[in-house]
Amino acid sequence: MINEKEITKNLKYEIEHCGKTKKQIAEEVKISAPTLSQYLSGRILPSVPTFAILCEVIGCSSDEVLGLKKI
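Residues numbered from 1 in each chain as written. Predicted model: local features only at pLDDT ≥ 70, side-chain atom pairs only at ≥ 80, totals over all residues. Heavy atoms only, no water.

### Remarks on the overall build of the protein
Note the threshold: In DSSP terms, a helix is any run of H or I states spanning at least four residues, a strand is any run of E spanning at least two, and both are numbered starting from the N terminus. In this description the radius of gyration comes from C-alpha coordinates, and the expected globular size is given by 2.2 Å times residues to the power 0.38. Accessible area is worked out with a 1.4 Å probe on protein chains only. A residue is then buried under 20% of its type maximum, exposed over 50%, and partly exposed in between. When checking whether two residues touch, look at their non-hydrogen atoms; a contact exists if any pair is within 4.5 Å. Here the Shrake-Rupley method, with its probe set to 1.4 Å, supplies the accessible areas, and only the displayed protein chains count as covering residues. For the purpose of charge, His is not counted, nor are the chain termini; Lys and Arg are scored as positive and Asp and Glu as negative. A charged residue contributes its charge at one atom only: NZ of Lys, CZ of Arg, CG of Asp or CD of Glu.
A count of helical and extended segments in the protein gives 5 helices and 0 strands. Helices (α) and strands (β) of the protein occur, in sequence order from the N terminus, as α-α-α-α-α. Its C-alpha atoms give the protein a radius of gyration of 11 Å, within 12% of the compact-globule value 11 Å for 71 residues. Over its C-alpha atoms, taken along the principal directions, the protein stretches across nearly 30 × 25 × 20 Å. Put simply, the protein has 71 residues, and 32% of those count as buried. When contacts within the protein are restricted to residue pairs at least 6 apart in sequence, long-range pairs at least 24 apart make up 57% of them. Total accessible area computed for the protein in this model is approximately 4,800 Å², and 53% of it derives from carbon and sulfur atoms. The distance from the centre of the 10 positive side-chain charges to the centre of the 9 negative ones in the protein is 5 Å.

### Some remarks on the state of the cysteines
Threshold: Disulfides are defined as pairs of cysteine sulfur atoms found within 2.5 Å of each other.
Counted under the stated rule, the structure contains 0 disulfides. Between Cys55, a cysteine without a disulfide, and Cys60, which holds the nearest cysteine sulfur, the sulfur-to-sulfur distance is 4.2 Å. The exposure class assigned to Cys55 is buried, which follows from its relative accessible area of 3%. With relative accessibility at 11%, the residue Cys60 sits in the buried group.

The structure is reproduced here in structure tokens:
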């Protein structure tokens, strides 16, 4: 079962290990830095289109972030 806390934890892990700054990621995804911070704190989750772009930008599969495939 997909759990929002797991998604947030996995997203944080992938972002911290992708080799890009949070500012670079936000710019490439075309979201604000505060919005990215809200994703990382678990306050909000990205929309499906934004999530897909975010995964592409940080170089991971959505399955990894969703917890469907082990990181």
